[in-house]
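A structural walkthrough
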Amino acid sequence: DTAVSQTPKYLVTQMGNDKSIKCEQNLGHDTMYWYKQDSKKFLKIMFSYNNKELIINETVPNRFSPKSPDKAHLNLHINSLELGDSAVYFCASSRPIGTGNTEAFFGQGTRLTVV
Amino acid sequence: EDKVVQSPLSLVVHEGDTVTLNCSYEVTNFRSLLWYKQEKKAPTFLFMLTSSGIEKKSGRLSSILDKKELFSILNITATQTGDSAVYLCAAVRGSQGNLIFGKGTKLSVKP
């Protein structure tokens, strides 16, 4: 029944490692996002995909690479992890504007801790 | 640069008080404004506002949008301890529905 699901929920890893976070939505939405939430709870968009196509790529290090194998999945791969990457990462999905309610549904978040 | 500014950043009230949270925005190709409540985990949706002057209500919560002055308010009447959370405002930008979030207002309701 989960609409947007992310795995893992918690991830603790050492600096320099490469890790991936997976996201899947079963809502039939065309648009998916990755957001980073810092320690002060500020949510900032990182990427937006529409029908597997990258639409928005905000200023994030190129160590972060999103991959969308199909429109129901948007995975986030992070290379050479740094201490400053520690945060909660949220995946979300929505319909595009003009197709009805554009509310974004969020996953439960992945708390990444880099040590 | 697009921005969404919320105020106050934090607020402490007692049960039964009424609070008003503010959200102003400067966003190109603005489409609509969303309010979310975030407790421990993912933000949960409260309201979507597209038209000016039309109040949306859900129980003790209500919200309204002013597209001329570029702001929205979220009102909570007769606050309860369960209302304690971070309230996030987000402007929807562009045809792809990208959300630009404010930094949130942390509301603490004391018994």
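Up top is the structure these notes are about.
Residues numbered from 1 in each chain as written. Chains lettered and ligands numbered in written order. Predicted model: local features only at pLDDT ≥ 70, side-chain atom pairs only at ≥ 80, totals over all residues. Heavy atoms only, no water.

It is worth spelling out the pattern of salt bridges at this point. Using the criterion set out here, one finds 6 salt bridges over all chains in the structure. Taking the shortest distance from any N to any O, the salt bridge between Arg93(B) and Asp2(B) comes out at 2.6 Å. Here Arg93(B), found in strand E9 (residues 85–93), pairs with Asp2(B), found in the segment before strand E1 (3–7); they are 91 residues apart in sequence, far enough to count as distant. In this structure, Arg93(B) and Asp2(B) share a single accessibility class: buried. Counted as one network, the salt bridges with shared partners bring together Arg63(A), Glu82(A) and Asp85(A). (Salt bridge = Lys/Arg side-chain N within 4 Å of Asp/Glu carboxyl O. Helix = DSSP H or I, 4+ residues; strand = E, 2+ residues; numbered from the N terminus. Buried < 20%, exposed > 50% of the residue type's maximum accessible area, 1.4 Å probe, protein only.)

Quick look at the interface of chain B and chain A now. Across the contact, 23 residues belong to chain B and 23 residues belong to chain A. Taken together, chain B and chain A are joined by 0 salt bridges. At the junction of chain B and chain A, the tally comes to 3 residue pairs in polar contact (both at pLDDT 80 or more). Contributions of two or more residues to the side of chain B that touches chain A are made by strand E4 (30–38), strand E5 (44–49), E9 and strand E10 (98–101) of chain B. Residue contributions to the side of chain B that touches chain A peak at 5 residues, all from E4(B). Its residues assigned to classes, the side of chain B that touches chain A shows 10 nonpolar, 8 polar and 5 charged. (Contact = heavy atoms within 4.5 Å. Polar contact = N/O pair within 3.5 Å; in protein donor to acceptor, adjacent residues only side chain to side chain. Nonpolar A, V, L, I, M, F, W, Y, C, P; charged D, E, K, R; others polar.)

All names here are of chain B. With antiparallel pairing, 5 strands are arranged side by side in an open sheet as E1-E3-E8-E7-E6. The sheet is open, and its two edges are formed by E1 and strand E6 (56–58), each paired on a single side. Adjacent strand axes in the sheet meet at a mean angle of 15°, parallel and antiparallel pairs treated alike. As defined by bridge partners, strand E7 (residues 61–66) adjoins strand E8 (residues 71–76) across 6 bridges and the pair is classed as antiparallel. Looking at E8, one finds that Leu 61 is bridged to Ile 76. (Pairing = 2+ DSSP bridges. Axes fitted to C-alpha atoms, helices over the stretch in contact; angles between N-to-C directions.)

For the rest of this paragraph, the subject is the nonpolar core. Proteins that are soluble and globular tend to have nonpolar side chains buried together. Counting 23 residues, the largest nonpolar core has Val4(B), Tyr25(B), Leu33(B), Trp35(B), Leu74(B), Tyr87(B) and Leu107(B) as its most contacted members. Elements with a minimum of two residues in this core: strand E3 (19–26), E4, E5, E7, E8, E9 and strand E11 (105–110) of chain B. (Core = buried A, V, L, I, M, F, W, Y, C linked by side-chain atoms within 4.5 Å.)

A few words now on the pairing of strand E11 (residues 110–114) of chain A. Residues and elements named next belong to chain A. A one-sided burial pattern is seen for E11, the buried positions being Thr 110, Leu 112 and Val 114 and the unburied ones Arg 111 and Thr 113. Pairing between strand E2 (residues 10–13) and E11: 4 bridges, direction parallel. Its bridge partner lying in E11, Thr 13 is registered against Val 114. Of the pairings in the sheet, the one linking strand E9 (residues 87–94) to E11 comprises 3 bridges and is antiparallel in character.

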